[in-house]
Every structure is written in C-alpha cells, then in structure tokens.
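Descriptive analysis of the structure
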Amino acid sequence: MTYQKVRALLVLFALVLVPIFAINLMAQSSMPRIKFSERTLANGMRVLSAVDQSSPTVAIQVWYHVGSKDDPEQRSGFAHLFEHIMFKATRNMKSEMMDRLTEDVGGFNNAFTNPDVTVYYEVVPSNYLETLLWAEAERLSGLTVDEPNFKSERSVVQEEFRQGVLAPPYGMLDYLIEQQSFITHPYKRSTIGSIEDLDAATLENVRAFHSTFYRPDNATLVVIGDFDPKQFDAWVDKYFGILKKPALPLPRVTIKEPERTAERRITHYGSNVPLPAIALTYLTPPEKNPDAEPLRVAATILSQGESSRLYRALIYEQQVAQSADATPDLREDAGLFYFNLVLASGKKPEDGERALLAEIKKLRDALVSSAELDKAKNQLVTNELRQRETSNGKALALGSAAVLLGDPNRVNTDLSKLQAVTAADVQRVMKKYFTDANRLVIYYLPESAKPATTRSGGHEGEQALGGRK
Amino acid sequence: MKTSKRNNSLECGGQAPLWPTFANKAINLHRTSERQFDQSAAGPAHSKEAKLTIRSLTLLICLFTCGFVSGQAPAPQATPPPPATPRSVQFPKPLEKTLANGLRVIVIERRGTPLVAAQLIIRNGGEVDPPELAGLANMTADLLTKGTEKRTATQIAEAIEALGASLDSAARWDASRVSLNMMSSKLAPAMEIFSDVVRHPTFKEDEIERLRQQTLDDLTVELGDPGSIGRYVAARVVFGDAPYGQPLIGTPQTIARIAKQDLARFHHKYYRPDNAILVIGGEIKSADAFKLAQQYFGDWKKPSDPLPAVSPPKAPASAGPRVVVVDKPDAGQAAVAVARAGIDRADADYFRGIVTNSVLSGYSGRLNQEIRIKRGLSYGAGSTLDTRRNVGPFVASAQTKNTSAAQVASLLLEEVKRLASAPVPDIELNPRKAVVIGNFARNLETAAGLVSQIGSLALYGISFDEINRYITNVQGVTASDVQRFSGSRLDAKGINIVIVGNASDFLPELRKQFPTIEVIPAAELDLNTARLRKNPQG
C-alpha cells in the first residue's frame, strides 16, 4: 500500500489514529530489523553482534562509556586527545599498527569522541575479524606510548582545533554554543578543549585515564557482518574474556546542570565573521527521556529541507538568513537544543532573532497539521534507513542504543515511539522547553561592529556569567 | 561535539574536489544524531541478483599482506592472529537502454535496504560557462527546483519532502546533476516531480533575484575560509583563464550579470534527452525502473537543432609555475597547496595515476605520514588527482598553523619530487593498492554511491567492464610505472604553490626557498582573471 492510499483512507478514522496508523504501515514495511545477539562476559564487557553476509566484510566497533564530560580537571579536550593516543603503541603493537591491520588490507578505521562516549571502529575483509579482535583487546589492555609520540599527536589535535574552530568562519560560534550553554555540568567544556589545556596534558594523565576508564566493564563490543557466531564467541572469550575487571568503581559525573531562570545574552566579536550570525540555545531533558522523540520531530519540522518552517520563513520568504538550523543535541546527562542563523547580507541580528522567535512561537501556539507531522516522520525514517545502509552504520545505531539509551533493543523499538508522536506532543514540548527563561542568546558579530569603548576582545557581558572559566 | 581521529577522504575519481575536504566532514563540532553517523562506509558492494562475479577482492588483498601477518608465531597474545580464508565478492551489474529520444537509461538493482537513488546527468556543467557569465551552469541547476510550469518552489519542496525524499540539483565540472534519494516505495510519485523539474523549469524573475542574493551570500561566507580561497586560487593558477580556472559558483561580478534569458538559453541548449543520462539504482526491479524512465522521460522531445559540440581539450596555461600568497591576517590557520595540471579521465595512464596518488594520499599515504604522523604539523595532509573530460588538476594540500606554512609547503613539494626520484618499495606500494581497491568497493556500497559511480563512468564514456577489470588494473601497476608517471605527468618543475594565511608569519621563511612570490592581500583578490588582483599595479 502506498503512502498516498493510506492517507486517502484516513478521513474515515478518528483523528488521533491518523499519524500512528499511517506511519506504522509505512515503517513496518520498510525498516528492516537488526537481529542481534547479546551477551555479557564475566568481566563485565558487553558484546552485541549481528550476522550480515551480504558482503564479505565485517564492521567492528568498541564503545567506551567515557567522553569529554569525563575530562580531568584543567584538561579540557583530554578524552579526545586520548582517543588519538589509542592509535599509538601497545605492548605488542607498534604505533599506527592499527592502520597496517585495516587500511593496508583494503579496510579502514577511525574513531570519534563526543561528550558521552568514545567509539573506535574498523571495517575489514571478514577474514581479518580475529586479527582485529586481538588488536582491540590489545589496546584495551594497555598502552606503551612514549613522550615523542605523545607530543606529536598532541600537536595534531591542536591543528584539529585550529582547523575546526579557528579557520572556518563560524567555527568559533559552534564552540561558543557548546561552551556557553552549560554553567555547571562538565558539558561546559568543549570536546576539542583548548590549546592551553592540551599543552598541560602529560603522559601520566594518559596512564591514569586509561586505567580509570578503559576497562572491560566500561566497554561494549559491536560486530556486524560476515562471521560464524560460534567461532566469534570463542574468539571473544580468548581475547577479551581473559581481561580482568578492576576492583575500583567507575567514576561517573553526578553534577546536575541547574535549570535556567532568566534569559542570558552574550555578544562575541570575532576576527573572521563574513556575515553576522546568531544562536539561541535551550536546555532540554537528556536523550533517554520520552520527550526526546517529540523534540526530534520538532527539529525536523523546523529545519529539515526547503519545505521546513525556518527555511521557508527566514531564508525563502523574509530573506533574513543565509542559513538557519535547528539541532537537537540531546546528550546523556542533559539535553541541548539550539538554533543557529547566519544572517543574509544587510540584515541585523535583531531581525534574525525576531523572525526566529516568531517561528518558535508559532510551533508553540498552534498544533501542526497531520500532513506536516507525517512529512517529518517520513524524513526521520528515511534518514535512519540511509544510516543503516552499511554494516558500520548499523553498528553505530546498535551501539548507540545500548550505550547511550541503555537498551540495545531500542535500535528496533524506538521507531514505534517516533510513530506514536502526536501533534499535541510536539506542542507540549515546545511549550515546556522553549520559554524565555530557558534561553541563551549569542550574537556573533564582526570586530568592526564593536563599540569603541570595549576594544579588549572576547565577549561582552561576561559579568553575567558569574566568574566562569 | 564530535571529533574524529581522521576522515576518510575520497581520492581520485571524476567528482573529487580540487582540495581535500576532510576539514568540513570530520570535525563536526556539534554532536547531532544526524551528523554523528554520516561518515559510515563499509565493505564491498554486493547484490544477490548480480550476474557478474569478480575475482576475489579479499584474496588479492590477502596476497598483498601475507608477509605481514605470517612468519612469526609465538604466543597468540603477542602477535596478531593471521587472516582466515577470504570470501569472494560480487559487484552488481548495470543494465542499460537508450530511449527513442536519445536518453541513455542505466539501472542497477541491489537488494538489502529499501532505498533507491536516481540521477539525471546533463553532460555539461561549469566548463561551458562563458567567462563573463561564470556561475551560469550552477545557477541554472539551482533554479530547476525553484518553480516549474505547474509547481512553485514551495510546492516542489513540500511534495518531495512529504515523501521523505531528497531532491538536489547542482552543476559541477563536465556535468549538471539532479539527484533523487528516497525509500523504494516512494519512487513513482517522486519521479513525476523529478522529471518536471528537469524538463519544465520556468526561471521566474523573483526566484532568480532571490537565488542571486543567496549565491552572493554563500560566496561571501566561503571566502572567509582559507581552505576555500586556496581552492579557488589554485584553480586559477593551474588553468589560468581556461574554463576549469573560473569559480563554478561565479564571482560577485559574473553572478550580478546573469539574466533570465541566459538561464533559459542554457537550459534549452544543454538540458535535452540526447545530452543526458538517467541512472537509477538500489532496491528496485530493473523492469520497473525502465518502465518509470519511459513513463516520465519517454515523451521528452529532442530539439531539432544539433547537439552542442563538446569543446576540444584545452591545454592549461603554461606561463610557468607561480608562487602565490593570499595574505589574510585574520586566518586562524594557513591553507597550503601545491598544484599542477594532471590527466584527463580517458588517459591511458589513469590507473597508474590513481595508484601514484594513493602513495601520496590517504591516512597512511606519504604526505600524511610526513606532515601529520611524523611531525604533528596538520590534522590531515593529502592529495587529489581530479580526472575530468579534459585535463584536471593534481593538488597536494594541508592546513597548518600560520607559522609552519612554509615548512609544510616544502614538505608537500618534497614528497611529490621524491616519488619521481626513486621507485616505491613493493612493501609500501601493495598496501596502497589495497587502499584504492577498498575505497572503490566502499564507494559502491550505498544506493547513492552506486548511482554516482556508475553515472561517472557513463558520463566519461568508460565501459562498465572497467568495474570488472578495476582490481586487475590497479594490481597491475608497478613501482616503475609510479616512478615514470610521477616524473612525466606530475613533474615538480611545473608545480605551483598557493598559501592562504597570515603572511607575516611565514613569508620570510618562504622567501628563502622561493625568490619570486606574488603576495596578494585578501581584500585585493580578484577571482575573475588569472592575474588574481583587482589592481595590477597594487
């Protein structure tokens, strides 16, 4: 049954049933389930696997439940720097040997760090699976990186900072959104850190970080692709099963971000700002919360595609913005939902702010139509399908459900939660979180716009920040 | 915020960017569920329906590396376990038909994920823009989705997005493309809109003015980025006033000049069935795909006037290599490139070229080894050999802190020279060939990737048999081929240097190596001509 036919039938049903019914039919027929196995080793390591023999390759991922929120004091950027160090030497591997085992056999590897997790992944011809399991166990059980390698990699990360934050025109705005949105929680430290904190990092920090967080009971192995499950289990026992679980408890961040009580405004003057920009950020619940799905639907309605509300109103009709995005950056401990606009030439930041607030208000004041709601769900389901076209993409979805949402089954069940989102849900979350008191406003302007009296650089209005670092 | 160890930049191929773009993809400052997972790529493509079987990819790869994994066999913990027996891999087979109106239709079936991608390729893009109207192909393509005889821009976006589909149109070098991607079940309704935007755009005045303003703003933002400026300047330096030298997006002056009749004329001249290729791939029955092609494009009339002649190959300007510095004092990092003319897609040296480039480029390529891994001077260094209908550019590049720009320029140059001066040892060359083969297979893995790769072969008139010969062709390249190719086709004597950054940080050092340097203040940069300066005296 096509989507159009379903919609034609809908008139016959009660309104509340409309979106649920339509999307259920659509998604059930199109989203293949990931049929995975799960087991936990005696040392606490979790193993998730799914056989997919459509190509003779295998995707291997190790998720460590440690991210930049766990950076040591005065060492912002450390979890990410550490991720880079994991490609250096271990007892039985030389520096960059992971590249020999992947790239050199036609595969690839990479890793990423975000505020909550660090994930290492490889895709290789499937006959190399055992080799890679050995290598991942090797770097979980110990690193032997030396001073020259450490310093050189630290310089690489500092170049990454320059390339991501300093060189592109709005890199610093992205940095500010992350840094300024949280007051208390360690999320206030950006994942990339700062040049100074990276300079202060030592090899001793590396050793301590590894023994604190890189342990089997803080790791989830995800393997999807072409393998024999029995043989795989035996390899996992052989290489990971022998690792010991440390006696010390795992430290967890317990700091809570306080609710915002009044709008806060910041103006930053940058040296390379081709067109002024603004950002609005709101705190929301974390991604495990049931409000996550309506928030994602709201973001899609607001900014995915040229029929989205922000594109249509701000870029197409009013021509006040060069770009406009709404991003649900829902994390483990606290959620962030932000908007960023680059203004069209000749427009003032106040124009952009006013237009954006009007769109937020509209979504708060009136229910979305069922057509608009269905459109957003179709877009979200298609995005998810595209992510799951590859084994590596499937493994990312599975690992994310297990580690960040706390239940691997959610890789298959969250779609029905998305289908169940109603227009009333969207309005409810808009009303609840998109309030004046919950708003941070950042104006990102060129140096030339700075009033003559405040030429000292950096932000204005730092007083309002209450002595933050 | 998500930060990656590295990004897997694609090498070579018809649509490669002039400058490696890892910066934009890998450093994704804000973590979002959409962006976080977008760089996935896995193994070789496969189709249960495939009729062609290729010799084992993994077997060949294993042969490359047996030396590494066998040999010593002490305790299992101390050495990596050797690979098991590899399995064979199959690539899907494209089927094709030419409709009565001359439209070439290619279909590739692949099961697994219920997605379909389609691309309508016009065989001309920015290379046919008149110099005074640079950006015309780009603006024409952008306007296709901004209104047709029966739909407004808003109606097109609404209808496509209601299906969860995406519809994009863009002009590049040698081609303009309209791309569609959606769930398989939505293909038929999306095809009707897809066909409408290709065939019946109206180029309304208000849409033209809106797009003009947006394009100017986009250009303003792009020119705030040292990497983007470097890309534009490198193209001018390599190709001079020839077509590939001008910015695809245009310049503020040429964008201002483009009028409705230019756009309509461009569309009439190039958007015609006998100048187009339609590729449909993914989870769809080939018979259904051909039927949809006939239904929505079969009555597309071929104009009576003859097809526009394809321009003869134009030799790039050969005024001698230049060293150009764009002085941008506020640059947070310097973008450094060495660039020269490379080869065209049909060149007999194509495979020698891509293997040579892979020795330099990729994570473990020589450029990244020397610049990032050994010296910590950059987040990533690499090169592209961008092969086009006519000779395309070869560019080796990296971004680095302003103070190390001169050092990075000489390292880039040194590595290009070193390739020609001594053969690459097999122990280094074989793994690089494995990288080329692995990337090729992964590029065919998603519906969109498959369609784009097949479309590129079709555009350049390359036989689909090349897919089957790909592994053998790559494997056949020898160390002496690489040395010969480097010496004759990438000769460092003809190489240009471009640096965009805060000149006072690196100029004294750079002058020690290169006595003749053109220093252009960013405010004086003029991309309209190869001279690159607004005021020739300035």
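Just so it is clear, the model here is predicted, and its values are computed rather than measured.

1. With respect to the sheet that holds strand β14 (residues 518-521) of chain B
All names here are of chain B. Reading across from one edge, β11-β12-β10-β13-β9-β14 is the order of the 6 strands in this open sheet, with mixed pairing throughout. Each edge of the open sheet is held by one strand with a lone partner, namely β11 (381-385) and β14. Each adjacent strand pair in this sheet contributes to an overall mean axis angle of 15°, direction not counted. One ladder, built from 8 bridges, connects strand β10 (residues 334-341) with strand β12 (residues 393-400); its direction is antiparallel. Residue V336 lies in a different strand from β12, and its bridge partner there is A398. Along the sheet, helix α14 (residues 405-421) contacts β10, β12 and β13 (496-501); its crossing angle with β10, the most-contacted strand, is approximately 30°.

2. So, helix α13 (residues 349-365) of chain A
Taking 1.5 Å of rise per residue, the 17 residues of α13(A) would be expected to cover 24 Å, and the 24 Å separating its terminal C-alpha atoms lies within 8% of that figure. Inspection of α13(A) places A:G352, A:E353, A:A355, A:L356, A:E359, A:I360 and A:L363 among the buried residues, and these make up the whole buried set.

3. Digging into the environment of B:T403
All names here are of chain B. Note that T403 resides in the loop between β12 and α14. On the neighbour-count criterion, T403 (13 C-beta atoms within 10 Å) is partly exposed. Through-space distance from the C-alpha of T403 to that of K328 is 13 Å; in sequence the pair is 75 residues apart. In this structure T403 touches D505 and F506, once residues within four positions along its chain are discounted.

4. Regarding the confidence of the model for chain B
All names here are of chain B. On average, residues of chain B score 85 in pLDDT, and 83% of them reach the 70 mark or higher. Below a pLDDT of 50 lies the segment residues 6-76, which in the model reaches 207 contacts outside its immediate sequence neighbourhood of four places, other chains included. Here the predicted complex carries an ipTM of 0.89, next to a pTM of 0.89.

5. A word on the packing of helix α6 (residues 187-199) of chain B against helix α11 (residues 286-297) of chain B
Packed helices, taken two at a time, are described by the angle between their axes plus the distance between the axes. Residues and elements named next belong to chain B. Interhelical geometry of α6 versus α11 gives an angle of 35° and a closest axis separation of 9 Å. Crossing hand, α6 versus α11: right-handed. Together, L187, A188, M191, E192 and S195 of α6 and L292, Y296 and F297 of α11 make up the contact between the two elements. Partitioned by chemical class, the residues of the contact of α6 with α11 number 6 nonpolar, 1 polar and 1 charged.

Scoring rules and cut-offs
Residues numbered from 1 in each chain as written. Chains lettered and ligands numbered in written order. Predicted model: local features only at pLDDT ≥ 70, side-chain atom pairs only at ≥ 80, totals over all residues. Pairing = 2+ DSSP bridges. Helix = DSSP H or I, 4+ residues; strand = E, 2+ residues; numbered from the N terminus. Axes fitted to C-alpha atoms, helices over the stretch in contact; angles between N-to-C directions. Contact = placed C-beta atoms within 7 Å. Expected span 1.5 Å × (residues − 1). Buried ≥ 20, exposed ≤ 12 C-beta atoms within 10 Å, placed from the backbone. pLDDT = per-residue confidence, 0-100. Left-handed = near helix turned anticlockwise from the far one by under 90°. Nonpolar A, V, L, I, M, F, W, Y, C, P; charged D, E, K, R; others polar.

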